[in-house]
Amino acid sequence: MPIQEGFQGQRLVVVSRPVVAEALSRPVTRRLLVTDVGYYPTAIGHQMNRPRGAEGTIVVVCASGTGWARVGDTVHRIGAQQALVIPSGVPHSYGADELRPWTIWWAHVTGTDAAELVESMDVTAARPLVPIRGLDRAVALLDEIVSNLERDQSPPRLVAASGAAWKLLAHISVDRLLPQPDDPLQRAMNYLSDRLDGSVRVPDLARLVGVSPSHLSALFHRATGGGVHAHHTALRMARARQLLDTTDATIADVASEVGYEDAFYFSRAFRRHHRMSPSGFRARDA
């Protein structure tokens, strides 16, 4: 028989539905609310089937072992350091592998912003799996949610759980976007951060990291929302702000430090980014 609860060492909290209804009418928790949350260690025989989907979004973080999920018409295998994210209303079933049953932390969330957070993870019914590089961080946040709701289901505890859930979903989303330490995008970013005092040509940088210029530009747009030069300029401006805040260097010296030979050109570029001159930025807190 499928086992839905009763695993040795499990933790399980279900927020009462009258409390859920009230919380969804209050500030903060109406935007994101954890309605159910738990921890199932070595969940032998675990299986769940929801042919009509769930009312909220389901997030299952696999800490070890393996499991499976049928979402829509597709079956997915799930391993450690992966999250299964099932949007509201999507038919699904999932369970533990018979030979290597998974250990999972899971939560159900709802609220006016839940769909937007799921969208930020690039999750759909066809693509429900998301890699998690910072597994310890994800587990710590789920543990924080469980710990709060185990104490009580008062409005402050529900808000605390909502905050941790925001961090969890943001963490999963960022993990999807940020590059691995050794991939071309990260190596390109490292190169740019080491060369704030000069210009960089995209073809040269692409050749250095082993991809085409167009592919490198696409990687930067996906990760940062802008191109290679925009990211490099943002790094140079961040360094300029730091120098203006923490040193007495002249504007010309700051410009030279971040790769602008012409102090007037630097000042114009700085104003475009910050809507104030370098001297105005330095004097803003005076």
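Figured I'd write up the structure that's included with this text. In this text the structure is predicted, and so the values were computed from the model without any measurement.

Turning our attention to the overall build of the protein. For the protein, the helix and strand inventory stands at 11 helices and 10 strands. Its C-alpha atoms give the protein a radius of gyration of 24 Å, more than 25% over the compact-globule value 19 Å for 286 residues. Counting only C-alpha atoms and orienting by the principal axes, one finds that the protein spans roughly 75 × 45 × 30 Å. Taking all 286 residues of the protein together, 45% fall into the buried category. Contacts in the protein between residues far apart in sequence, at least 24 positions, make up 72% of those at least 6 positions apart. Accessible surface, the protein: about 14,800 Å² in total, of which carbon and sulfur atoms supply 51%. Computing the positive centroid from 31 side-chain charges and the negative centroid from 29, the protein places the two 3 Å apart.

Turning our eyes to something else, we now look at helix H3 (residues 135-151). Between the first and last C-alpha of H3 there are 25 Å, a value that for 17 residues agrees with the 24 Å anticipated at 1.5 Å per step. Those residues of H3 that fall on the buried side of the exposure criterion are Leu135, Ala138, Leu141, Leu142, Ile145, Val146, Ser147, Asn148 and Leu149.

What follows covers the pairing of strand S4 (residues 57-64). Burial analysis of S4 places six of its eight residues in the buried class, which makes it a mostly covered element. As paired elements, S4 and strand S9 (residues 103-110) share seven bridges and run antiparallel to each other. Paired with Val61 across the two strands is Trp105, which belongs to S9. Strand direction decides the pairing type here: S4 and strand S7 (residues 82-86), joined by five bridges, are antiparallel. For Val59, the partnering residue across the bridge sits in S7 and is Val85.

This brings us to the packing of helix H5 (residues 184-193) against helix H8 (residues 228-246). Contact pair H5 / H8: the axes reach a minimum separation of 10 Å and the direction vectors enclose 45°. In terms of axis orientation, H5 runs oblique to H8. In the packing of H5 onto H8, the handedness of the crossing is right-handed. Residue-level contacts link Met189, Leu192 and Ser193 of H5 to Val228, His231, His232 and Leu235 of H8.

Counting across every chain of the model gives eight aromatic pairs. Aromatic side chains Phe7 and Tyr40 sit 4.8 Å apart centroid to centroid with 55° between the ring planes, which places their arrangement in the tilted category. Of this pair, Phe7 sits in the segment before strand S1 (11-14) while Tyr40 sits in strand S2 (residues 33-40); the two residues are 33 residues apart in sequence, bridging distant segments of the chain. By relative accessible area, which is 4% here, Tyr40 ends up buried. Stacked on the ring of Tyr191, the Lys or Arg Arg195 has its end atom at 3.7 Å from the ring centre. It is Arg236 that lies over the ring of Tyr260; its NZ or CZ is 4.3 Å from the centre.

Turning to the sheet that holds strand S6 (residues 74-78), a few remarks are in order. Taken together, four strands build an open sheet; the order of strands is S3-S8-S5-S6 and the sheet is antiparallel. Bordering the open sheet on either side are strand S3 (47-50) and S6, each of which pairs with just one other strand. Across the sheet, the mean angle from the axis of one strand to that of its neighbour is 10°, orientation sign disregarded. Pairing of strand S5 (residues 67-71) with strand S8 (residues 92-96) involves five bridges; the strand directions are antiparallel. Note that in S8 the partner of Val71 across the bridge is His92.

Next up on the list: the environment of Ala21. Structurally, Ala21 can be placed in helix H1 (residues 17-23). Sequence spacing of Ala21 and Ser93 is 72 residues, and the spatial spacing of their C-alpha atoms is 26 Å.

To continue, consider the sheet that holds S9. With antiparallel pairing, six strands are arranged side by side in an open sheet as S1-S2-S9-S4-S7-S10. Edge positions in the sheet fall to S1 and strand S10 (129-131), since each of these pairs with one other strand and no more. Direction aside, neighbouring strands of the sheet carry axes that sit 20° apart on average.

Cut-offs used in this document
- Residues numbered from 1 in each chain as written.
- Predicted model: local features only at pLDDT ≥ 70, side-chain atom pairs only at ≥ 80, totals over all residues.
- Heavy atoms only, no water.
- Helix = DSSP H or I, 4+ residues; strand = E, 2+ residues; numbered from the N terminus.
- Rg over C-alpha atoms; globule rule 2.2 N^0.38 Å.
- Buried < 20%, exposed > 50% of the residue type's maximum accessible area, 1.4 Å probe, protein only.
- Contact = heavy atoms within 4.5 Å.
- Areas by Shrake-Rupley, 256 points an atom, 1.4 Å probe, with all protein chains shown as cover.
- Lys, Arg positive; Asp, Glu negative; His and termini not counted.
- Charge placed at Lys NZ, Arg CZ, Asp CG, Glu CD.
- Expected span 1.5 Å × (residues − 1).
- Pairing = 2+ DSSP bridges.
- Axes fitted to C-alpha atoms, helices over the stretch in contact; angles between N-to-C directions.
- Parallel < 35°, antiparallel > 145°, perpendicular 65-115°, else oblique.
- Left-handed = near helix turned anticlockwise from the far one by under 90°.
- Phe/Tyr/Trp six-rings, centres within 6.5 Å; stacked < 30°, edge-to-face > 60°.
- Lys NZ or Arg CZ within 6 Å of the ring centre and 35° of its normal.

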